[in-house]
Amino acid sequence: MAESKTDNWGTMRRENLLALILLTAVGFIAYRNCFDIFIPADNYTQFYFFDKGFAAGFLESARSAAPYLSGLPFLYLLYLLLGASPAGWVLTCLLLHITNSFIIFLIAKRLTNVFSPQLKFLSAFFSAVLFLLSPYQAETVLWGTVGARWLFHSLNVFAGIFLFLLYLEKPTAKKLYFLHLLFLIALFSNETALVIPAIYILLYFTYKFLTKTTASSNLFFTRIISIQAGFILALFVFTKLYMGHWFWHGGTIEHITGSSGYIKTLIKYFAKFFLLYRYLPNESMNSFLRILSKNNLYIILLFCSGSALLFFILRHLLKAKKETGYLLSVSILCFVVSLLPALPLDSSFLSYDYPDRYGYIASAFFYIFISFGIFTLPGKFAVPIISLYAAAGWIFLYGTISLWHSSNEYCHQLIKNYSPYLKYDHVYVLNEPAYFKGVVALRSDLRAAVYYAHDHSPVDKIRIVSGCYQESLNDSLISVKVNGQTVEVNGQKKSTPHFCTTGWAKTYSTDEYDVIFDLSGCSYVIKFKKEIPPNSAFIYAVKGNWKKTG
């Protein structure tokens, strides 16, 4: 018996080492040409904060974004080590992503060992491979400080889930201490960690129902869930005292609960992951779905029919293979629960890379579900099918990376070509490219980027009036008219807004002027409260250059 345990332990170590080596190799091959990418958005602004010193930079950064008590110190340490090196940031993010993929492998392996030993090594390994090569992870790997903080947050979430699975198999006090430490770090690096206790509850009752754990319900709720609920309460109180509202991104309870688009956003996530919707040739389908999404009855019917189909598939699996069916059921439920924090946020992402990072943690459960589901098929079908699925992800990832290269080149071209406007005392940027070809671009970061690229030119000289969604180099303004204290700005006419009318800026009204958008979001008017200051320039981006009006 002792020899058997030793042999099993040795086999597990060899499998883990093999998986880590292969995942590392695949990750570096997939992202091999990305080490020159450094999208300015949010990066230079973060550096601008940090250059004021840790204390001052931390306080200002926390108040402008969120009080990430563990996430921001982590970024500050990376900034001290890496500076503004594109290769350094991409390498760090890639290593974190590979590490997360390896933890996904470990999580999937524990689940298969407990519920479906027949799935074995390959199903767990492909869960990690699909996660690693998902085209939806490109934003998290390639977006500098934003990606690094999100990956650090996800690392603590995944490590906590893996440790929780170990606790369910053999409860110990030591595991509990580390479990709560990981939860605290995750909670104060991003508020999406609020749903972790719900994931633990789903996993616990699945283990308990199938008698796979000896952990009692009383100890589970008193030593894990109640303590984490206390941490969450402390988070709310701290945020309220520090920032004046309860939620870091949402701001108010009314904002979180007042949205009616949760089901619509959830359907989009299912289309995004299950159908790889972004990569389908679907221009006509997009127009149809936009019309469909305006009718709440159609949305509810689509949601109910999709849920019913998934329910019947899982029900059939539960009857045919009970434990495998429960494993698939808890995986898809954890996927949905992990998406809950993202549902109140921007949902117009089916054709945009932004905001893919919000689905990063949830996607781990999705790819576990897909891999386990495919490996319930006969072996002669499972490996070819999942290999083709992984190859498709790699191909789509390659295409997504090319878009990031385009955005990166475009942004740095605009920053370089800003130099003629350094002589002006007031520069009003009318259409800063917030997103380019669906990829995040400058996103209100031109001020800090110019500061670093042009000998610390004062940032207060630049006023970013509005961001815009640019689909190509030719996608720019149609006309700009200055008439007294009013400036009329007309963008490309589209079915969706050309300008970032919400969410992109804290406010579009300043002490100097008000901005009024039309209903289409493709035009706006600037109304100055006083005379336009002397030595001012109104500029807009077109074909990689800045053009001055008048």
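Residues numbered from 1 in each chain as written. Predicted model: local features only at pLDDT ≥ 70, side-chain atom pairs only at ≥ 80, totals over all residues. Heavy atoms only, no water.

**Q** For this particular structure, what's the right way to read unusual backbone geometry?
**A** Note: most peptide bonds trans; most residues except glycine with negative phi. Positive phi outside glycine occurs at T211, with the angle close to 55°. Summarising the element assignment, T211 is placed in the loop between helix 10 (196–209) and helix 11 (217–243). Here the phi dihedral of K543 falls at roughly 55°; this positive angle occurs in a residue that is not glycine. In this structure, K543 sits in the loop between strand 10 (536–542) and strand 11 (545–548). (Helix = DSSP H or I, 4+ residues; strand = E, 2+ residues; numbered from the N terminus.)

**Q** Explain the packing of helix 10 against helix 16 (residues 322–339) to me, please; I cannot follow it from the model alone.
**A** Each pair of packed helices can be described by the angle between their axes along with the distance between the axes. For the pair helix 10 and helix 16, interaxial distance at closest approach is 9 Å and the crossing angle is 170°. Relative to helix 16, the element helix 10 lies roughly antiparallel. Counting all contacts with helix 10, which are made through A198, I199, L202, L203, T206 and F209, the residues of helix 16 involved are K322, Y326, V330, L333, C334, V337 and S338. Class assignment of the residues belonging to the contact of helix 10 with helix 16 gives a composition of 10 nonpolar, two polar and one charged. (Axes fitted to C-alpha atoms, helices over the stretch in contact; angles between N-to-C directions. Parallel < 35°, antiparallel > 145°, perpendicular 65-115°, else oblique. Contact = heavy atoms within 4.5 Å. Nonpolar A, V, L, I, M, F, W, Y, C, P; charged D, E, K, R; others polar.)

**Q** Even after reading the chapter, I still don't get the confidence of the model for the chain, so can you show me in this structure?
**A** Any region with low pLDDT has predicted coordinates that should not be read closely. The predicted model of the chain has a mean per-residue pLDDT of 88, with 91% of residues at 70 or higher. Model confidence for the chain, summarised as mean pLDDT per element, is weakest for helix 12 (residues 253–258) at 52 and strongest for helix 7 (residues 138–142) at 97. (pLDDT = per-residue confidence, 0-100.)

**Q** So what exactly am I meant to see when it comes to the sheet that holds strand 3 (residues 439–440) here?
**A** The strands making up a sheet associate through backbone hydrogen bonding, with each pair oriented either parallel or antiparallel. Across the sheet, three strands lie side by side as 3-2-5; this open sheet has mixed pairing. At either end of the open sheet lies a strand with only one pairing partner, and these are strand 3 and strand 5 (467–470). Bridge count for strand 2 (residues 432–436) against strand 3 is two bridges, and the pairing is antiparallel. Each bridged residue has a counterpart across the sheet, and for Y435 the counterpart in strand 3 is V440. (Pairing = 2+ DSSP bridges.)

**Q** When you look at helix 8 (residues 144–169) in this model, what are you seeing that I'm missing?
**A** In an α-helix there are 3.6 residues to a turn, and that puts residues three or four apart on one side. Along its 26 residues, helix 8 runs 38 Å from first to last C-alpha, staying within 8% of the 38 Å computed at 1.5 Å per residue. Burial analysis of helix 8 places 22 of its 26 residues in the buried class, which makes it a mostly covered element. (Expected span 1.5 Å × (residues − 1). Buried < 20%, exposed > 50% of the residue type's maximum accessible area, 1.4 Å probe, protein only.)

**Q** Would you mind showing me how to read the packing of helix 4 (residues 71–82) against helix 8 here?
**A** As a packed pair, helix 4 and helix 8 sit with axes 10 Å apart at the nearest point and diverge in direction by 125°. It follows from the interaxial angle that helix 4 and helix 8 lie oblique. Remark: the crossing between helix 4 and helix 8 carries right-handed chirality. Mapping the contact onto sequence places G71, F74, L75 and L78 in helix 4 and T145, A148, R149 and F152 in helix 8. (Left-handed = near helix turned anticlockwise from the far one by under 90°.)

**Q** Got a minute to help me understand the nonpolar core in this structure?
**A** Buried together is how nonpolar side chains tend to be arranged in soluble globular proteins. Counting 172 residues, the largest nonpolar core has Y31, I107, L142 and L430 as its most contacted members. Per element, the largest residue contribution to this core is 16 residues, and it comes from helix 5 (residues 86–115). Once residues lying within four places of it in the same chain are set aside, the contact partners of Y31 are L94, H97, L132, Q137, A138, V141, L142, L397 and I401. (Core = buried A, V, L, I, M, F, W, Y, C linked by side-chain atoms within 4.5 Å.)

**Q** So what exactly am I meant to see when it comes to the side chain of R278 here?
**A** Here R278 is to be found in the loop between helix 13 (262–274) and helix 14 (283–293). At a separation of 3.2 Å, a polar atom in the side chain of R278 contacts the side chain of Y279. (Polar contact = N/O pair within 3.5 Å; in protein donor to acceptor, adjacent residues only side chain to side chain.)

**Q** Help me understand the environment of Y200 in this model?
**A** Take Y200: it is sitting in helix 10. Here the alpha-carbon distance between Y200 and I161, two residues 39 residues apart in the chain, equals 7.5 Å. Those residues in contact with Y200 that sit more than four places away from it in its chain are G160, I161, F164, L179, F220, I224, I225 and Q228.

**Q** Would you take a moment to explain the pairing of strand 11 for this structure?
**A** Bridge count for strand 10 against strand 11 is four bridges, and the pairing is antiparallel. Residue pairing across strands places I539 opposite K548, the latter belonging to strand 11. Counting the residues in the hairpin turn of strand 10 and strand 11 gives two residues, including K543, whose phi is positive at 55°.

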